[in-house]
Every structure is written in structure tokens, then in C-alpha cells.
Number of protein chains: 2
Amino acid sequence: MSPLFMPQLDAFDRKILDILQRDNTTPQRTIGEAVNLSAPAVQRRIKRMTEEGVIRANVAIVDPAAVGQAITIFVEVEVISETAEQIEQAKREFAAAPQIQQCYYVTGEADFVLVIVVPSMAEYEALTRRLFFGNNNVKRFRTFVAMDRIKVGLGVPT
Amino acid sequence: MSPLFMPQLDAFDRKILDILQRDNTTPQRTIGEAVNLSAPAVQRRIKRMTEEGVIRANVAIVDPAAVGQAITIFVEVEVISETAEQIEQAKREFAAAPQIQQCYYVTGEADFVLVIVVPSMAEYEALTRRLFFGNNNVKRFRTFVAMDRIKVGLGVPT
DNA sequence: GGTGTTTTTGCAAGTTTGTTTCGCGGAGCT
DNA sequence: AGCTCCGCGAAACAAACTTGCAAAAACACC
């Protein structure tokens, strides 16, 4: 599924992706009109890009506040030992926590950057106790609480 | 559209959201079978949650590498003056940049946290020149380059 | 520059999916 | 009880997706 060789995308594909990244419920007929292609042609391109892994998923975006998960938090995590085994272990732990929405392994002054969504600070406090204080490979972590979500998405410019 | 009063969601709604956050192309009939509801009932609930703003959008997730945007970068930005007008100005600027995928206004040792997607470090360098060095209200910024995207999504636990 | 091959398109039919309508039944209220 | 209000399911309906096929580009190779 992962694109080992970079699939070739033409201008049609990019326009289609652009539309689907905004609203993937757009009818193929409408997309076709927008890009000057027939609906079946659009459908075939979408199918191909899905098979190639260009389109990774089709998902609904849910307002966290509406489901009682009102608090978004950023955390930078610095580890003590950066051996391959320790790093893999950390990756597995972070990936397994449902509150962790995003997790990146980074260069710079920290080793991991996390985006966490929780219903309350109490829950975040409990999470830090489990994930950070309870992990003796975590040297330190810095917390940033989001006051405003100015722009949230996973769209990439095409 | 924004839920000023919290709409209450029952167990059916949450199960439906859970499915749609994974794959919003799942047929309503299939969802109905999974949650023990008829397809029209599922359809009405989805429509209601969309109108209430619980479901904010329906989007395709595109692999950044597949469209030549292979580099993900985190940036913490610290500003000099935190007057309302200055902050609003910064928010507008960050929101307008297509390379900025996510932007949060945060408490803590920084004021903004950005998630940026670019095709190359050269492009990132150009972006920093424009957004940070070119903005005399930016005191300092710290860059974290993602080596591995361990977990990426916008799903919230229900 | 022509020719055969491959690829991709558009159209039309067939199938699946989404949507509306309508009647039914339960929860809450007087 | 009798009433209304919601939300449900079954079926009819409308819209969208999918597939088969023939024609038109695009391409490689003489």
C-alpha cells in the first residue's frame, strides 16, 4: 500500500485530490465538471490513487468539544537513552494511547512531539503520570495547552 | 454551525462517529448493522450531527510524500507583544499559509505551535524568512523536523 | 512520417447506495 | 386514558457509483 515508487500524478489527479481533501462527499460528476473529465474517469483515478496509497483514508472530522474532549495539548518529550530498542518501545507506547492523536519522532531539542486530546486537565495529569513519570526513560517533557485551534487539518498543498 | 449548547450524543451516535472517523465511505446499511439500527436511522443521525457541527468535515487523507511534500516540521513561535491586535494578526498570517497544516495558540513557553508540511528544507527556509524573520513581532522560534510520523490523525476518542 | 500498441477517455447500462415518505409505537405530559 | 411528540423501520424513490465496450489520444518503434 505504501508508495515504494512514487506514483506519477498529473494535473487532473492533483485537482481531484485538492477537492477531496476539502470534501470527499463531493459527487464524482461534480468533480468531473470542475476538472473537465467524465465521472467514470474521475472514479478510476480515485480508485487508482487509493490503491497506490496516495489517498490513505477517508474520514469524518469530529469536533472534539462536541464529544467532551475539549482540551488539546502539545507535549515535547525528551528521552534519556536513544537506543533503537528504547525508541521503538516509546513509539509503541505512544501509538497505543487513544488520547494521543498525533505522534512524531523529531530532531531538535526534543525527541518526540505529541498532540493529545483529553476531556479534562485531570485526565491529562493522569496520562502524564502513566506515560512520562511512569517511564524511566523519559528525561523531561514540556506541556503546551491549546487556547485556540486556529487551523486544524491534515490537508497538504498539491 | 458551532455547537454553542452541547448537543447530547447517545451510545448510537458515538458508535457511528467512531466508524465514520475511521472510514466515512462505510455504507449506512453496514453502519446500521454494526450498531443495530436501520439505514434511515443512521442517515438521520449523521445528518443531525453534521448540522449541529459535531461532524465538521468529510475529507480524504492524502499521503504527503506521494504529492512531493515529504517533510513535516514542528515550530514553536514566541512573540514579543501579545496585544489582542498583534495576536489576531499573527493568527491570520499563519492561517493563510497553505504550508501550515495546523496552528494552535498555546500557553506555556511558546505562544504558537505550528505543524508545517513542505517539499524541501529550502522551501522551509524560505518560509521562515517570510513568516518569522520577516515579522518583527516574532521574538524567536524553535524548529523540530519530523523523522518519523508514528501516528497521524484527527480522530478523537468517543 | 506512418503504424501498431498501450493507455485513457466517454457513453450507456446495471448495480449499489443514499434519501424521502409514510405509518407505527413508545415516552412523557394533562 | 387520551394526547402529542419523537424516533424508528419498511418500502418506494432518487442519486451516485461501477462496469463493459468502442473510440480517441498518447506513445514507441520502426
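Per-chain numbering applies: the sequence of each chain, read as written, is numbered from 1 onward. Chains and ligands are labelled sequentially in the order written, the chains with letters from A and the ligands with numbers from 1. Where totals are concerned, whole chains, interfaces and linings use all residues; where local detail is concerned, this predicted model gives features only for residues with pLDDT of at least 70, and gives and counts side-chain atom pairs only at 80 or more. Computation of side-chain values covers all heavy atoms of the structure but excludes hydrogens and water.

Peer 1: Whenever I open this one, the relation of the copies chain B and chain A confuses me. Can you help?
Peer 2: The two chain copies are related to each other by a rotation about an axis together with a translation along it. With an axial shift of 0.0 Å and an RMSD of 0.1 Å, the rotation relating chain B to chain A amounts to 180°. Look at the turn and shift together and you get a two-fold axis relating the two. Proximity to the rotation axis, assessed at the C-alpha, singles out Val59(B) in chain B; its C-alpha lies 2.8 Å from the axis. Comparing contact sets, 99% of the residues at the interface of chain B also lie at the interface in chain A, consistent with an isologous, same-surface contact. Here the copies are matched by least squares. The fit uses the C-alpha atoms of residues with pLDDT of at least 70 in both. Should any heavy atoms of two residues lie within 4.5 Å, those residues are considered in contact.

Peer 1: Teacher, can you tell me more about the interface of chain B and chain A here?
Peer 2: One frequent convention defines the size of an interface as the accessible area lost when the parts assemble. The interface is formed by 67 residues belonging to chain B together with 66 residues belonging to chain A. In short, buried area is how much 1.4 Å probe accessible area vanishes from two parts on joining, totalled over both. Both sides of the chain B and chain A interface together cover about 6300 Å² of buried area, and 62% of this is carbon and sulfur. On the chain B side of the contact with chain A, Ile61(B), Lys151(B) and Leu154(B) bury the most area, a combined 12% of that side's loss. Any carboxyl oxygen of Asp or Glu within 4 Å of a side-chain nitrogen of Lys or Arg constitutes a salt bridge here. For the pair chain B and chain A, the interface holds eight salt bridges. A salt bridge links Lys91(B) to Asp148(A), with the nearest nitrogen and oxygen atoms 2.7 Å apart. In protein, a polar contact requires one atom able to donate a hydrogen and another able to accept it; more generally it is a pair of N or O atoms within 3.5 Å, and residues adjacent in sequence count only if both atoms are side-chain atoms. Applying the counting rule to chain B against chain A returns 46 residue pairs in polar contact (both at pLDDT 80 or more). Contributing elements (two or more residues each) for the side of chain B that touches chain A: helix H1 (11–22), strand E1 (55–62), strand E2 (71–79), helix H4 (84–96), strand E3 (100–106), strand E4 (112–118) and strand E5 (138–151) of chain B. Secondary structure elements follow DSSP: runs of H or I of four or more residues count as helices, runs of E of two or more count as strands, with numbering from the N terminus. Here the side of chain B that touches chain A gets ten residues from one element, more than from any other, and that element is E5(B). Three classes are used, and their members are as follows: Ala, Val, Leu, Ile, Met, Phe, Trp, Tyr, Cys and Pro are nonpolar, Asp, Glu, Lys and Arg are charged, and the others, Gly among them, are polar. In terms of residue class, the side of chain B that touches chain A is made up of 40 nonpolar, 15 polar and twelve charged. Strand pairing is defined by DSSP finding a minimum of two bridges between the two strands. Across seven bridges, the pairing between strand E1 (residues 55–62) of chain A and E1(B) is antiparallel.

Peer 1: Quick question: what am I supposed to make of the domain arrangement of chain A here?
Peer 2: What fixes the domain bounds is an automatic or database domain assignment. Under the domain assignment used here, chain A contains domain 1 (11–52) and domain 2 (64–145). Each of domain 1 of chain A and domain 2 of chain A has a C-alpha centre, and these two points are 37 Å apart.

Peer 1: Before we go on, may I ask you to explain the packing of aromatic side chains in this structure?
Peer 2: Each aromatic ring pair is summarised here by two numbers: the centre-to-centre distance and the angle between the ring planes. For Phe, Tyr and Trp, where Trp contributes only its six-membered ring, two rings pair if their centres lie within 6.5 Å, and the inter-plane angle classes them as stacked under 30 degrees, edge-to-face over 60, or tilted in between. As enumerated under the stated definition, the model contains twelve aromatic pairs over all chains in all. Taking 5.2 Å as the distance between ring centres and 75° as the angle between the ring planes, the aromatic pair formed by Phe94(B) and Phe112(B) counts as edge-to-face. With Phe94(B) in helix H4 and Phe112(B) in strand E4, the pair connects residues that are 18 residues apart, well separated along the chain. A simple rule labels every residue: compare its accessible area, found with a 1.4 Å probe on the protein chains alone, to the largest value its type can have, and call it buried under 20%, exposed over 50%, or partly exposed in between. Judged by its relative accessible area of 2%, Phe94(B) is buried. Owing to a relative accessible area of 0%, Phe112(B) belongs among the buried residues under this scheme. Among the aromatic residues, those joined into a cluster by ring pairs are Phe94(A), Tyr105(A), Phe112(A), Phe132(A), Phe133(A) and Phe141(A).

Peer 1: Looking at this structure, I do not really get the sheet that holds strand E3 (residues 100–106) of chain A. What am I missing?
Peer 2: By definition, the strands of a sheet pair up through backbone hydrogen bonds, in either a parallel or an antiparallel sense. Pairing is antiparallel in the closed barrel, where eight strands are placed in the order E2(A)-E4(A)-E3(A)-E5(B)-E2(B)-E4(B)-E3(B)-E5(A). Recorded for the sheet is a direction-independent mean angle of 35° between the axes of neighbouring strands. Sheet topology places strand E5 (residues 138–151) of chain A next to E3(B); four bridges connect them, and they run antiparallel. Looking at the pairing, Ala146(A) lines up with Val106(B) of E3(B). Sheet strands touched by helix H5 (residues 121–133) of chain B: E2, E3, E4 and E5 of chain B. Its angle to E5(B), the strand with the most contacts, is close to 150°. Here, axes are lines fitted to C-alpha atoms. For helices the fit covers the stretch in contact, and angles between N-to-C directions go from 0 to 180 degrees.

Peer 1: Honestly, the protein's contact with DNA strand C in this entry has me stumped. Any pointers?
Peer 2: Being near a molecule or strand, for a residue, means having at least one of its heavy atoms within 4 Å of it. The local shell around DNA strand C consists of Leu37(A), Ser38(A), Pro40(A), Ala41(A), Arg44(A), Arg45(A), Pro27(B), Gln28(B), Arg29(B), Pro40(B), Gln43(B) and Arg44(B). Those atoms of DNA strand C that come within 4 Å of the protein belong to sugar or phosphate at a rate of 48%. The side chain of Arg45(A) places a nitrogen or oxygen atom 2.4 Å from a phosphate oxygen of DNA strand C. Counting residues per element, the surface near DNA strand C draws most heavily on helix H3 (residues 39–52) of chain A, at four residues. In the surface near DNA strand C, the residues fall into five nonpolar, three polar and four charged.

Peer 1: I'm lost on the packing of helix H2 (residues 28–35) of chain A against H3(A) in this one. Help?
Peer 2: Packed helices, taken two at a time, are described by the angle their axes make and the gap between the axes. Residues and elements named next belong to chain A. Between H2 and H3, whose axes approach to 8 Å, the crossing angle comes to 100°. Relative to H3, H2 is oriented roughly perpendicular. The residues of H3 that touch H2, namely those facing Gln28, Arg29, Ile31, Gly32 and Val35, are Ala39, Val42, Gln43 and Ile46. Looking at side-chain class alone, the contact of H2 with H3 contains five nonpolar, three polar and one charged residues. Each angle gets one of four labels, with under 35 degrees taken as roughly parallel, over 145 as roughly antiparallel, 65 to 115 as roughly perpendicular, and the rest as oblique.

Peer 1: So what exactly am I meant to see when it comes to the side chain of Asn58(A) here?
Peer 2: Summarising the element assignment, Asn58(A) is placed in strand E1. Overall, Asn58(A) belongs to the buried group, its relative accessible area being 19%. Among the polar contacts made by the side chain of Asn58(A), one reaches the side chain of Asn24(A) at a distance of 2.9 Å. Every residue in contact with Asn58(A), bar those within four places of it in the chain, is listed here: Asn24(A), Leu20(B), Arg22(B), Asp23(B), Asn24(B), Thr25(B), Val59(B) and Ala60(B).

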